[in-house]
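Overview (structure and organization)
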Amino acid sequence: METMTRVNEQMDVAAKKPMAVQPGVARMRELTPAQRRAVMFAQQQVLKAQAAKKAKDQRQAVRERMWDEDSPSYKPTAAAEPVVAEEEPREFSLRGAIGHVLRELRTRDRRTLREVSEKAGVSLGYLSEVERGQKEASSELLSSIADALGVSTSRMLRMVADYLDSVEG
């Protein structure tokens, strides 16, 4: 019976003068309620995917800007320097400076903590703590981390000294 109604509707439509159709409305009339729900769900998924892609593109643009600002030679950036109130002088630890330089070397090469920790033979958590200045690393450990980052230990220590000079001076 439903089929008969649709055939009759089609015949009536053919007999009448065509009306102006609003975009999207004509298709929705032909769908069952289940099909309409499926279409709505698909549209929501597309919108979510577009929003996720936009957010990902924005994060990638920020990363690229950060990487482009880095120069091939090591120079601490102004953003990397801690904000210090002029009234109270702040002390900088050697441990914190070493961590700062190690993190800067790693991020400049676009390497993850996991990659460096595996190559250096250090646990991921310990390397993270060294980079944050929470753990003091032995000279052997610093040497293996520097090798994993592709710099000599002496070069890495010179970078630490340069960083301390720029922060303290």
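Every chain begins its residue count from 1, and numbering advances along the sequence as written. Confidence filtering applies because this is a predicted model: local features only for residues at pLDDT of at least 70, side-chain atom pairs given and counted only at 80 or more, and all residues used for totals across whole chains, interfaces and linings. Water and hydrogen atoms were dropped before computing side-chain values, which therefore reflect all heavy atoms in the structure.

1. Details of the overall build of the protein
What counts, and what does not: The secondary structure listing takes helices from DSSP runs of H or I that are at least 4 residues long and strands from runs of E that are at least 2 residues long, numbered from the N terminus. The Shrake-Rupley method, run with a 1.4 Å probe sphere, supplies the accessible areas, and residue values consider only the shown protein chains as cover.
Secondary structure summary: the protein contains eight helices and zero strands in total. Each helix and strand of the protein, ordered N terminal to C terminal, gives the series α-α-α-α-α-α-α-α. Put simply, the protein shows about 12,900 Å² of open surface, and 54% of that area lies on carbon and sulfur atoms.

2. Observations regarding the nonpolar core
The following threshold applies: Definition used in this section: a nonpolar core is a set of buried Ala, Val, Leu, Ile, Met, Phe, Trp, Tyr and Cys residues joined via side-chain atoms within 4.5 Å. We call a residue buried when its accessible area falls under 20% of the maximum for its residue type, exposed when it is over 50%, and partly exposed in between, using a 1.4 Å probe and counting protein chains only. The contact rule is simple, with two residues in contact once any of their heavy atoms fall within 4.5 Å.
Counting residues in each nonpolar core, the largest one holds 25 residues, and the members touching the most others are Val101, Leu102, Leu105, Ile145, Met156 and Val160. Setting aside its immediate chain neighbours within four residues, isoleucine 145 contacts Leu102, Ala120, Val122 and Leu127.

3. Focus: the pattern of salt bridges
Put simply, the rule reads: By salt bridge we mean one thing: a side-chain nitrogen of Lys or Arg within 4 Å of a carboxyl oxygen of Asp or Glu.
Here the structure, examined in full by the defined rule, presents five salt bridges. One salt bridge connects aspartate 57 with lysine 53, and the closest N-O pair in it is separated by 3.0 Å. A residue pair is termed a helical-turn pair when its members lie 3 or 4 positions apart in one helix, as aspartate 57 and lysine 53 do in helix α3 (residues 33-69) at four residues. Two residues, arginine 95 and glutamate 136, come together in a salt bridge whose shortest N-O distance is 3.9 Å. Here the residue arginine 95 occupies a position in helix α4 (residues 94-108), and glutamate 136 occupies one in the loop between α6 (124-131) and α7 (139-149), the gap between them amounting to 41 residues.

4. Considering the environment of threonine 112
Mapped onto the fold, threonine 112 is located in the loop between α4 and α5 (113-120). A relative accessible area of 38% means that threonine 112 is categorised as partly exposed. Along the sequence, threonine 112 and leucine 124 sit twelve residues apart, while their C-alpha atoms lie 9.9 Å from each other.

5. Some thoughts on the side chain of glutamate 131
Inclusion rule: In the analysis that follows, any N or O atom pair within 3.5 Å is treated as a polar contact, provided that within protein one partner can donate a hydrogen and the other can accept it, and provided that, for residues neighboring in sequence, both atoms belong to side chains.
Relative to the helices and strands, glutamate 131 resides in helix α6. Within the structure, the side chain of glutamate 131 is placed 2.8 Å from the side chain of arginine 106, a separation counted as a polar contact. Once residues lying within four places of it in the same chain are set aside, the contact partners of glutamate 131 are Gly99, His100, Leu102, Arg103, Arg106 and Leu113.

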